Amino acid sequence: MNIRIAASEAAAAATAPGQPVPRREDPILLTGRGRYSDDVRREGQLHAAMVRSRHAHGRILAIDTSAALAVPGVVAVLTGADLARAGLGGLRCQVQIPSRDGQGIRPTPRMALAEDRVRFVGDPLACVVAETGAAARDGTEAVQVEIEPLEALVRPRAALAPGAPRIWDEVPDNLALDFHFGDAARVAEAFAAARHVARLDLVNNRIVVNAMEPRAALAEYDTAAGRWTLHVGCQGVFGLRNQIARDILRVPPERVRILTGHVGGSFGMKASAYPEYVCLLHAAREFGRPVKWVDERSESFLSDQHGRDHEVRGELALDEEGRILALRIDVLANMGAYLATVGPLAPTQNVVKNVASLYRVPLLEVSSRCVLTNTTPVSAYRGAGRPESNYYMERLLDQAARETGLDRVEIRRRNHLRASEMPYRAASGQIYDSGDFPAVFARALDLADWQGFAARKAESARRGLLRGIGIGHYLEVTAPPTREMGGIRFEADGEVTIVTGTLDYGQGHWTPFAQVLADRLGLPFERIRLLQGDSDALIAGGGTGGSKSMMASGSAIVEAAARVIEQGREIAAHLLEAASADIEFAAGRFRIMGTDRSIGLLELAARLREGLDLPEGLPRTLDVRHVFEAAPSAFPNGCHVAEVEIDPETGEVRVVRYSAVNDFGTLINPMLVEGQVHGGVAQGLGQALMERTVHDAEGQLLSGSFMDYAMPRADSLPEIVQAHHPVPATTNPLGVKGCGEAGCAGSLPAIMNAVADALAERGVMHIDMPATPLRIWEALRAAR
């Protein structure tokens, strides 16, 4: 008996929160047993393919579908008129953000299929439905579309120019939102009184998301029940169900079911509904058969929402000691042709929340103009305003240090917020509850061997290479609070299922959620399942995004587990013939205090399934359907240090050293946390050095394939050395802070500051992302 107890305790310790437990889904994925959207097949299914605009801007004069309908296997060709006759709604921006004039966002209501005008290359015009995928694609080639081309506007400044054509008649000057935050007069006074002002014009380059798994979906319609089911990869089935039911189908949410299996990456891109899903849902009802669509990679470059794309003027006012007096940020944001679901959020409110970072910034002013252009719509991409805001601040601090003669390390130390100042109300209005930023900074410099850099730089010089070192000191504000479900189900086979509304699209939620529940209820870790991708099982769900999953679902699980214990205590008291106040719970067992009489939680669940004669008023089950109301945003922070080598003859740049110290609060699973940092650093490196989205003057995407659009590879990354300095959050029961986007927030400034440092010795004062070999080579030649 003692051996069994010792083994059980050892197993529990090995999977307890804080332990690096391998992801439970990895064996499934690595052995080819994953189930992604394209793996869903239904008997008798039809296939869909999209007809897209080849013009960036134009009036639709005619869409002739007759030839396409004659293609063998083609069942129908849907146009915007068909969807309108069916009474379907469209896609709209979901966020409410105030404008400078008080009018708010000017809407750009987007129907799934364009009816009067096309507004970007790739704008969907028609949907061909056929018996096979090949027939559907053949049908798209036969659809004849006549478009009168109009002048295309690709860059925001051109779209704002006097006399520029309107992309939307309802949006004067193509300005969808003119946002302002801060006291402009007080900020101006601070700048006027400043001893020094550092200024930089920065480019936050447009990103094609390029998730590993392209989008795909299959729609079904149950005629008898009047109910749709959509199988699709997303970031949260509950929110997507509500969006589709409310805005598109215009039916009660109960008539829509969203099912999501494994998801091969999203980074914000798959969070909301797309035009293709509208067409599938309509066709499934219209033809009484399941209808499937699968994107192709070349098509996804046009159809998937892009990320970033901001032009920024940053200004930092300093006193004679190098302390910050005020920060002013002006953003010109390219929104693309339509306002995406959360598109305007990143360059406006998320800049306000994040740009002051972990420094003492008394005054903050942010002005953002969200401009419509004839390009693919722009929305959230890993961090959605958080990484770039930290990039602006860190680049400004390096520039200020260079101009004033202050050391880069010292200027940061002078402006750090201290642990003793927590809680601290920032100029953004956010209240930082916890953090020890000077300690994180000091540890990061030690880990990076900052003092040894001069020797490494000299060694690189002997090989004819330029070497630079850069700091990326960051603080992020995680996504705002949302309601989240914490469901716990005791299954007939003895397993226990967590039901929650966040959704794993690569993070590995199953394992850390199970670690939390196993610890709270004393359950065997390996007997815990996770249900997250079925909207019918949820009563709330905020989805995954903004680095909040463990704060939301983890907290929901904690509260739900407490309810299980309370329900179990009442039932156990009845079975053990004791007062409920005398029942204690520990290590998975209910016990009468001071005795050896007890019953295990799983045993109690089994007896309830078999049927117990319980008095009135006692719970009949241990199952719980709980809703965690919300936790405030948390403030993950850290310091990344990068070193680069640049070949001045070719402009080639390589990141040769990289280290990171992060404060993510309580670490539930350090292995998964470090994996999230790896991924974020890779994406930050890609944006900093490689990824460049290019349109020509007519709005054609020139970087529309992996032949033209560079992505980071495994050999692009050095070893990433990590350490943790956790200061638990005080605003949620687990003390967690979120880690999913921090790698981007640290790597963008660290890498670009390192590049700028390396180039400075040759007289190059600034370079924008992406710092490609050509750009570096040209900058070095120009500096000569």
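Owing to the predicted nature of the structure, the values given are computational and were not obtained by experimental measurement. (Residues numbered from 1 in each chain as written. Predicted model: local features only at pLDDT ≥ 70, side-chain atom pairs only at ≥ 80, totals over all residues. Heavy atoms only, no water.)

## Section: the overall build of the protein
Thought 1: If you tally the helices and strands in the protein, you get 21 helices and 30 strands.
Thought 2: With the C-alpha coordinates of the protein rotated into their principal frame, the extents come out at 85 × 75 × 50 Å.
Thought 3: Per-residue burial over the protein gives 60% buried out of 784 residues.
Thought 4: Accessible area of the protein: about 29400 Å², with a carbon and sulfur share of 51%.
Thought 5: When the 84 positive and 97 negative side-chain charges of the protein are each reduced to one mean point, those points stand 1 Å apart. (Helix = DSSP H or I, 4+ residues; strand = E, 2+ residues; numbered from the N terminus. Buried < 20%, exposed > 50% of the residue type's maximum accessible area, 1.4 Å probe, protein only. Areas by Shrake-Rupley, 256 points an atom, 1.4 Å probe, with all protein chains shown as cover. Lys, Arg positive; Asp, Glu negative; His and termini not counted. Charge placed at Lys NZ, Arg CZ, Asp CG, Glu CD.)

## Thoughts on the sheet that holds strand β1 (residues 46–52)
Backbone hydrogen bonds hold the strands of a sheet together, and the pairing may be parallel or antiparallel.
Thought 1: Reading across the sheet, the seven strands line up as β3-β5-β1-β12-β9-β10-β11 and stay open at both edges, with mixed pairing between neighbours. Of all strands in the sheet, those with a lone pairing partner are β3 (74–79) and β11 (256–259), marking the two edges. Within this sheet the neighbouring strands show an average axis-to-axis angle of 20°, counted without direction.
Thought 2: The pairing of strand β10 (residues 227–232) with β11 spans four bridges and is parallel. Bridge pairing links leucine 230 to isoleucine 258 in β11. (Pairing = 2+ DSSP bridges. Axes fitted to C-alpha atoms, helices over the stretch in contact; angles between N-to-C directions.)

## A short note on the sheet that holds strand β15 (residues 324–336)
Thought 1: Judged by pairing direction, the sheet is mixed, and its five strands sit side by side in the order β7-β16-β15-β14-β8 without closing on themselves. Edge positions in the sheet fall to β7 (175–181) and β8 (196–204), since each of these pairs with one other strand and no more. Averaged over neighbouring strand pairs, the angle between their axes works out to 10° when direction is ignored.
Thought 2: The pairing of β7 with strand β16 (residues 364–372) spans six bridges and is classified as antiparallel. Within β16, the residue paired with leucine 175 across the bridge is valine 371.
Thought 3: Sitting on the sheet, helix α7 (residues 184–193) touches β7, β8, β14 (310–318), β15 and β16, and the angle it makes with β15 is about 125°. (Contact = heavy atoms within 4.5 Å.)

## Some thoughts on the nonpolar core
Side chains of a nonpolar character, in soluble globular proteins, are inclined to be buried together.
Thought 1: One finds Leu316, Ile329 and Val755 to be the most contacted residues of the largest nonpolar core, which totals 96 residues.
Thought 2: When residues in this core are grouped by element, the largest group, 10 residues, is from helix α20 (residues 742–760).
Thought 3: Look past the residues within four positions of isoleucine 329 in its chain and what remains in contact with it is Val312, Arg313, Gly314, Val351, Val355, Glu365, Val366, Ser367, Tyr392 and Leu396.
Thought 4: Among the nonpolar cores identified, the runner-up in size contains 57 residues, and Leu78, Val232, Ala283 and Leu701 belong to it. (Core = buried A, V, L, I, M, F, W, Y, C linked by side-chain atoms within 4.5 Å.)

## Describing the environment of alanine 750
Thought 1: Take alanine 750: it is sitting in helix α20.
Thought 2: Residue classification places alanine 750 among the buried positions, given a relative accessible area of 0%.
Thought 3: Residues contacting alanine 750, with those up to four places away along its chain left out, are Gly470, Ile471, Gly472, His640, Val641, Ala642 and Tyr658.

## Thoughts on empty space enclosed by the protein
Thought 1: Summed over the entire model, instances satisfying the criterion amount to four cavities of 30 Å³ or more.
Thought 2: One number sums up the size of the largest cavity: a volume of about 80 Å³.
Thought 3: For the lining of the largest cavity, the class distribution of residues is six nonpolar, two polar and two charged.
Thought 4: Its volume calculated, the second largest cavity comes out at about 70 Å³.
Thought 5: As for the second largest cavity, its lining consists of Ala479, Pro480, Pro481, Thr482, Lys548, Met551, Ala552, Phe628, Ala631, Pro632 and Ser633.
Thought 6: Looking at the lining of the second largest cavity, its residues break down into eight nonpolar, two polar and one charged. (1 Å grid on protein atoms, 1.4 Å probe; cavity = no way out; pocket = protein on both sides within 12 Å on 5 of 7 lines; lining within 4 Å. Points joined across faces, edges and corners; volume = space filled by probe spheres on them. Nonpolar A, V, L, I, M, F, W, Y, C, P; charged D, E, K, R; others polar.)

## Let's talk about the packing of aromatic side chains
Thought 1: Under the definition given, this model contains 10 aromatic pairs.
Thought 2: For the pair tryptophan 168 and tyrosine 338, a centre-to-centre distance of 5.5 Å together with 75° between the ring planes defines the contact as edge-to-face. Within this pair, whereas tryptophan 168 is found in the loop between α6 (156–160) and β7, its partner tyrosine 338 is found in the loop between β15 and α11 (349–354), the two being separated by 170 residues in sequence.
Thought 3: Relative accessible area serves as the criterion here: at 4%, tyrosine 338 is assigned to the buried category.
Thought 4: Plain terms: the ring middles of phenylalanine 301 and tyrosine 709 are 5.9 Å apart, the flat faces sit at 80° to each other, and that makes the pair edge-to-face. Separated by 408 residues along the polypeptide, phenylalanine 301 in helix α10 (residues 297–303) and tyrosine 709 in the loop between α19 (670–689) and β30 (720–724) bring together distant segments of the chain.
Thought 5: What makes phenylalanine 301 buried here is its relative accessible area of 1%.
Thought 6: Assessed through its relative accessible area of 1%, tyrosine 709 is described here as buried.
Thought 7: Through pairs of rings, three or more aromatic residues link up here, namely Phe120, Trp168 and Tyr338.
Thought 8: A cation sits over an aromatic face here: arginine 119 above tryptophan 168, 3.6 Å from the ring centre. (Phe/Tyr/Trp six-rings, centres within 6.5 Å; stacked < 30°, edge-to-face > 60°. Lys NZ or Arg CZ within 6 Å of the ring centre and 35° of its normal.)

## With respect to the pairing of β1
Thought 1: Of all seven residues in β1, six are buried; the element is thus mostly enclosed.
Thought 2: In this sheet, strand β12 (residues 291–294) lies alongside β1 in parallel orientation, the contact comprising two bridges. Counted as the bridge partner of histidine 47 is lysine 292 from β12.
Thought 3: Sheet analysis places β1 next to strand β5 (residues 124–130), joined by six bridges and oriented antiparallel.

## Points about the domain arrangement of the protein
Thought 1: Domain annotation of the protein identifies domain 1 (2–34 + 480–628), domain 2 (210–303) and domain 3 (434–478 + 634–784).
Thought 2: In this structure, domain 1 and domain 2 have C-alpha centres spaced 31 Å apart.
Thought 3: On the domain 2 side, the residues contacting the 20 residues of domain 1 number 18 residues.
Thought 4: By the criterion of area lost to domain 2, the three top residues of domain 1 are Leu503, Tyr505 and Ser535, representing 42% of everything that side buries.
Thought 5: For the interface between domain 1 and domain 2, the tally reads three salt bridges.
Thought 6: Between aspartate 534 and arginine 257 there is a salt bridge, and its shortest N-O distance comes to 2.6 Å.
Thought 7: Applying the counting criterion to the domain 1 and domain 2 interface returns eight residue pairs in polar contact (both at pLDDT 80 or more).
Thought 8: By residue class, the composition of the side of domain 1 that touches domain 2 is seven nonpolar, 10 polar and three charged. (Domains from an automatic or database assignment. Buried area = accessible area lost by both parts, 1.4 Å probe. Salt bridge = Lys/Arg side-chain N within 4 Å of Asp/Glu carboxyl O. Polar contact = N/O pair within 3.5 Å; in protein donor to acceptor, adjacent residues only side chain to side chain.)

## Examining the pattern of salt bridges
Thought 1: Evaluated as defined, the whole model comprises 51 salt bridges.
Thought 2: Aspartate 309 is the salt-bridge partner of arginine 206, the closest N and O atoms lying 2.7 Å from each other. Of this pair, arginine 206 sits in the loop between β8 and β9 (216–222) while aspartate 309 sits in the loop between β13 (306–307) and β14; the two residues are 103 residues apart in sequence, bridging distant segments of the chain.
Thought 3: Through salt bridges with shared partners, a single ionic network connects Asp449, Arg456, Glu459, Arg463, Arg467, Glu643, Glu645 and Arg657.

## Comments concerning unusual backbone geometry
Thought 1: Cis geometry marks the peptide bond from methionine 422 to proline 423; its omega dihedral reads -5°.
Thought 2: Secondary-structure assignment places proline 423 in the loop between α13 (408–415) and β18 (424–425).
Thought 3: Cis peptide bonds are those with omega within 30 degrees of zero, and the linkage from methionine 769 to proline 770 qualifies with -10°.
Thought 4: Relative to the assigned elements, proline 770 resides in the loop between α20 and α21 (773–783).
Thought 5: Positive phi values are uncommon outside glycine, yet arginine 308 reaches one of about 65°.
Thought 6: Considering the arrangement of structural elements, one finds arginine 308 in the loop between β13 and β14.
Thought 7: One non-glycine residue with positive phi stands out, namely alanine 587, at about 50°.
Thought 8: For alanine 587, the location among the structural elements is in the loop between β24 (583–586) and β25 (589–592).
Thought 9: Judged by relative accessible area, alanine 587 falls into the exposed class, the value being 71%.

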